[in-house]
Amino acid sequence: MSRGPALRVALLGAGVVGSQVARLLTENGDEFAARIGAPLELVGVAVRRPARHPEVPAHLLTTDVAGLVARDDVDVVVEVIGGIDPTRELLLTALRRGASVVTANKALLAEHGPELYEAADAAGADLYFEAAVAGAIPLIRPLRESLAGDRITRVMGIVNGTTNFILSAMTADGVGYAEALAEATRLGFAEADPTADVDGFDAAAKAAILASIAFHTRVGASDVYREGIAEVSAADIRAARRIGCTIKLLAICERLTDDDGGEAVSARVHPVMLPDAHPLAGVDGAYNAVYVEAESAGRLMFYGPGAGGAPTASAVLGDLVAVGRNRLAGGRGPRESAAADLPARSMESVSSRFHISLDVDDRSGVLAAVAGAFAEAGVSISTVRQEGRDTGGGEGAALVVVTHAAPDTVLSDTVARLSELEYVHRVTSVMRVMGDLR
Ligand SMILES: NC(=O)c1ccc[n+]([C@@H]2O[C@H](COP(=O)([O-])OP(=O)(O)OC[C@H]3O[C@@H](n4cnc5c(N)ncnc54)[C@H](O)[C@@H]3O)[C@@H](O)[C@H]2O)c1
Ligand SMILES: N[C@@H](CCO)C(=O)O
Ligand code: NA
């Protein structure tokens, strides 16, 4: 039963996510009203081309997005347009006049989160963004609220559905990279510009958001080290299989303790060879999964659909219900929590194990020369394996070296030394490895 005045909602964008938000709002309006205690009323939907949206009642459609957010009868703006321009200005306008905002826009939050929080604070409005990280999976709310009484030490996971879909297809079906990307785009997982997915920008934005919330510190997109999957080859996937691993693009956010006991934060995104027994190795397709380690709670795992129209709309609508309940209660949701203000560390502070593939001359002395280069750089070797060449014929052989943990910077020196060796034709790939190998 509805008790309060209607919560008036403006929807910006009716693409993959927005069209599902509009559908569910219309279909389930009575249920939402009962859950909130006040009806939700969709008062406008901003789109680029109204003719393409027969599913939205025509009187709600507008191309005047700036006019819609400026309307003083709009209580909540739901933004599913994406990108920084013009969304930053639109959301600031909405917040400054006291409207709450629900957004799925990780790129905007990772670049301009503090500015949006400040505008929300100044006007006493809410800023919710569950859909921005790991789609349908409840992750932002558990981190911001459920775990607010704990000390989180690590957040690590698969947070980009498109790249996970591509890597899964390349691994299971031997499907080519381009074909898998086209399918992810067709299914609505990929960003409007899919380089945001494959080059790791999308995952890096999510890592920045996760690290900020988990460590009560402002972490921006530029603080996140980033490598995408464009360099991951079919040969890398075969090499990973040989050592009992699966390649995944991981976002890793860690609380680091310096030698002097001071704390810092590291956030990074890069491909990793994960042992098949690792729980994240079995997360396939557009599914996401995130591990959270906290001092008192221990290890938690969040798993589910990380992309797609309806799953993402589920998270958007959950936020909308929360905003509606807050309004009716005369309260607000959580604000920015950044008081810890920890410094962000670069990759120089991070050590990893590495899997390095080399094309070498198949002759005596090669192994000693390669081992010597590692020794000179102070990198300890865990295993070495020599194989016939992985691709192509020729006189050479493929050498595969797996190291013990070594600092990132030292590893780049080692690769430079290896490339200069007379017997080494090429360093064909360098990839980080996690955990124990068989
Ligand atoms: N697709 C997913 O699986 C998914 C998951 C989580 C988060 N997101 C995020 O949700 C947002 C939307 O993603 P999407 O997949 O629905 O994108 P989309 O490209 O399918 O939809 C965006 C829509 O916004 C419209 N639009 C663009 N500029 C506009 C403007 N100035 N005025 C009015 N309309 C405008 C476009 O025409 C398009 O219809 C992005 O921030 C994305 O990162 C998407
Ligand atoms: N493009 C994103 C959408 C979900 O944020 C992905 O593939 O995960
Ligand atoms: Na989520």
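Residues numbered from 1 in each chain as written. Chains lettered and ligands numbered in written order. Predicted model: local features only at pLDDT ≥ 70, side-chain atom pairs only at ≥ 80, totals over all residues. Heavy atoms only, no water.

(A) Layout of the environment of Ala-205. Mapped onto the elements, Ala-205 comes out in helix α10 (residues 201-215). Residue Ala-205 is classed as buried on the basis of its relative accessible area, which comes to 5%. Along the primary structure Ala-205 and Asn-105 are separated by 100 residues, whereas in three dimensions their C-alpha atoms are 9.5 Å apart. Contact partners of Ala-205, with chain neighbours within four places excluded, come to Lys-106, Ala-107 and Ala-110. (Helix = DSSP H or I, 4+ residues; strand = E, 2+ residues; numbered from the N terminus. Buried < 20%, exposed > 50% of the residue type's maximum accessible area, 1.4 Å probe, protein only. Contact = heavy atoms within 4.5 Å.)

(B) The arrangement of the pairing of strand β12 (residues 298-305) in detail. As paired elements, strand β11 (residues 287-294) and β12 share eight bridges and run antiparallel to each other. Paired with Ala-289 across the strands is Tyr-303, a residue of β12. Connecting the antiparallel pair β11 and β12 is a turn made up of three residues. (Pairing = 2+ DSSP bridges.)

(C) Summary view of the domain arrangement of the protein. Partitioning the protein into structural domains gives domain 1 (7-135 + 310-329), domain 2 (140-306) and domain 3 (347-433). The distance between the C-alpha centroids of domain 1 and domain 2 comes to 27 Å. At the junction of the two partners, domain 1 supplies 21 residues and domain 2 supplies 19 residues. For the pair domain 1 and domain 2, the summed buried surface comes to about 1600 Å²; carbon and sulfur atoms form 60% of the total. Area buried by domain 1 at its contact with domain 2 is led by Lys-106, Ala-110 and Val-133, which between them contribute 34% of it. Along the contact surface separating domain 1 from domain 2 lie four salt bridges. Between Glu-191 and Lys-106 there is a salt bridge, with its nearest N and O atoms 3.2 Å apart. At the junction of domain 1 and domain 2, the tally comes to nine residue pairs in polar contact (both at pLDDT 80 or more). By residue number, the principal contributor to the side of domain 1 that touches domain 2 is helix α5 (residues 106-123), which donates eight residues. In terms of residue class, the side of domain 1 that touches domain 2 is made up of 14 nonpolar, two polar and five charged. (Domains from an automatic or database assignment. Buried area = accessible area lost by both parts, 1.4 Å probe. Salt bridge = Lys/Arg side-chain N within 4 Å of Asp/Glu carboxyl O. Polar contact = N/O pair within 3.5 Å; in protein donor to acceptor, adjacent residues only side chain to side chain. Nonpolar A, V, L, I, M, F, W, Y, C, P; charged D, E, K, R; others polar.)

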